[in-house]
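Read off the chains here:
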Amino acid sequence: MYGAQLIEALRRRSPAGQFFGAGGEKMRAAGCNIVVDAKDLSVVGITEILSHLPKIYGLFHRLIAAADQLRPDLAVVIDSPAFNWRVARQMRRRGIPVVYYVCPQFWAWRQGRVRLLRKYVTKALVIFPFEEKFYRDRGVDATFVGHPLAHLPAPAIPREDYAAQLKLDPARPWITLMPGSRVKEVRMNLPAILEAVARLGSAYEFLLPVAPTLDVGFLKTLIGTRPIHLVPESLPALYHSRAGIIASGTATVEAAMMGTPFVMVYRVTPLTYLLGKPRVKVPHFAMVNLIAEREVVPELVQSDFTAAHVVAEMGKIIPEGPDRDRMLTGLREVKSRLRGATGEVARPEDRAAGIVLQLAESEA
């Protein structure tokens, strides 16, 4: 999504631009020649990555070979640090300037790896307000451009039309379920979410947006006969829902942008948690809590992530009352912070595109 937004913003400024790289359907639709499909890189967890290394290295070499053939003027890498810092290294070796858009969350863990950005990245474009200082203090040329989701408009479709389209009961409150965008995440997170669904009962309609990296058949197999509606897009589901149960990640920011109260959940394998937890350097897991610098939404992680705990927290935010009001206030604050400077009207992708083109021209 971020890559597609950036490509469209670059095309508005430089219509003759050509793009190739690693990405998904949104980038392809924006005019990018997809050399490596993002689905094939969609792996999470320390132990899980090990089994996929041969395939990932093959895709990496395919991408570098394409760069050698096409000789780009500039490389933009987006998120995915384990893959992209190696791409950045190869580009710099070839004299190609590198922009890192949506920088790695090295402030959360493995802070020593900032040296990789200093060494291989020409310019860092960060999307969280606290990141600019963190990276600049460590010698990286970083600029906060705002979060790409911060200016998302409310979905235009009315709730009644959306209900009719997806055969939902408009009289019941809706709850959006987002167990993750990777197969492994869903396998770890969805069972407890489904148990919570059973406990919450038939008073609600449950919506599960299908991430583009997931197969509908895979989700149907896990869900079985449970009354859960698989829907194509996350934003209308979130916008029209009373609350959400959402796995840690970008989906939590989407929920904040839509003003939907939610409970954050997450689970990894015991070994991944054991190896990773001591390295975490931040006080919160949920991105909205990090941005707000306080707990806006509850975090149910690993052993705390049980159906009983989910239902208990949902019981606080579904009905009207002070708990729901406090969370809604916090989510509005997060949205404001992600938009950047007061009075800033430029969209993040347009600010990013301007910096990218300025760098490309200066390096030409």
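The model shown is predicted, which means the values in this text are computed figures rather than measured ones. (Residues numbered from 1 in each chain as written. Predicted model: local features only at pLDDT ≥ 70, side-chain atom pairs only at ≥ 80, totals over all residues. Heavy atoms only, no water.)

Draft legend 1. Expanded view of the overall build of the protein. If you tally the helices and strands in the protein, you get 16 helices and 12 strands. A compact globule built from 364 residues should have a C-alpha radius of gyration of about 21 Å, and the protein, at 21 Å, falls within 12% of that. Dimensions of the protein along its principal axes, counting C-alpha atoms only, are 60 × 45 × 40 Å. The proportion of buried residues among the 364 residues of the protein is 51%. The contacts in the protein between residues at least 6 apart in sequence include a share of 63% that link residues at least 24 apart. When the accessible area of the protein is evaluated, it comes to approximately 17,000 Å², of which 53% is carbon and sulfur surface. (Helix = DSSP H or I, 4+ residues; strand = E, 2+ residues; numbered from the N terminus. Rg over C-alpha atoms; globule rule 2.2 N^0.38 Å. Buried < 20%, exposed > 50% of the residue type's maximum accessible area, 1.4 Å probe, protein only. Contact = heavy atoms within 4.5 Å. Areas by Shrake-Rupley, 256 points an atom, 1.4 Å probe, with all protein chains shown as cover.)

Draft legend 2. How the structure looks around the sheet that holds strand 3 (residues 75-78). Spatial ordering of the open sheet is given by 3-4-5-6, a layout of 4 strands whose pairing is parallel. The open sheet has two edge strands, strand 3 and strand 6 (142-144), and neither has a second partner. Strand-to-strand twist in this sheet, taken as the mean axis angle between neighbours without regard to direction, amounts to 20 degrees. Pairing of strand 4 (residues 98-101) with strand 5 (residues 123-126) involves 3 bridges; the strand directions are parallel. Looking across to strand 5, one finds that Tyr-101 is bridged to Leu-125. In this fold helix 4 (residues 81-93) packs onto strand 3 and strand 4, with an angle of close to 165 degrees to the strand it touches most, strand 4. (Pairing = 2+ DSSP bridges. Axes fitted to C-alpha atoms, helices over the stretch in contact; angles between N-to-C directions.)

Draft legend 3. Structural view of the packing of aromatic side chains. Inspection of the entire model under this criterion finds 7 aromatic pairs. Here Trp-85 and Tyr-120 contribute two aromatic rings whose centre-to-centre distance is 6.2 Å and whose plane-to-plane angle is 20 degrees, an arrangement assigned as stacked. Of the two residues, Trp-85 is situated in helix 4 and Tyr-120 in helix 5 (residues 114-120); the sequence distance between them amounts to 35 residues. Their ring planes at 45 degrees and their centres at 6.0 Å tell us that Tyr-162 and Trp-174 sit as a pair that is tilted. You can see Tyr-162 sitting in helix 7 (residues 159-166) and its partner Trp-174 sitting in strand 7 (residues 174-178), a full 12 residues away along the chain. Exposure remark for Tyr-162: the relative accessible area of 4% places this residue in the buried category. On the basis of relative accessible area, Trp-174 is assigned to the buried category, the value being 0%. The lysine or arginine in question, Arg-159, covers the ring of Trp-174, its NZ or CZ lying 3.9 Å from the ring centre. (Phe/Tyr/Trp six-rings, centres within 6.5 Å; stacked < 30°, edge-to-face > 60°. Lys NZ or Arg CZ within 6 Å of the ring centre and 35° of its normal.)

Draft legend 4. A look at the side chain of His-151. Here His-151 is to be found in the loop between strand 6 and helix 7. In this structure, His-151 is in contact with Arg-339, Ala-346, Arg-347 and Pro-348, ignoring residues within four places of it in sequence.

Draft legend 5. The environment of Ser-202, seen in detail. As for its placement among the helices and strands, Ser-202 is situated in the loop between helix 8 (183-200) and strand 8 (205-209). For the pair Ser-202 and Pro-227, spaced 25 residues apart in sequence, the C-alpha separation works out to 8.5 Å.

Draft legend 6. Molecular detail of the nonpolar core. Grouped together as the largest cluster of nonpolar side chains are 119 residues, with contacts concentrated most on Tyr-135 and Met-314. With sequence-adjacent residues up to four places away left out, Met-314 is seen in contact with Ile-175, Leu-200, Ala-243, Gly-244, Ile-245, Val-263 and Pro-319. Of all hydrophobic cores here, the second largest spans 8 residues; its members include Tyr-162, Leu-168, Val-231 and Ala-237. (Core = buried A, V, L, I, M, F, W, Y, C linked by side-chain atoms within 4.5 Å.)

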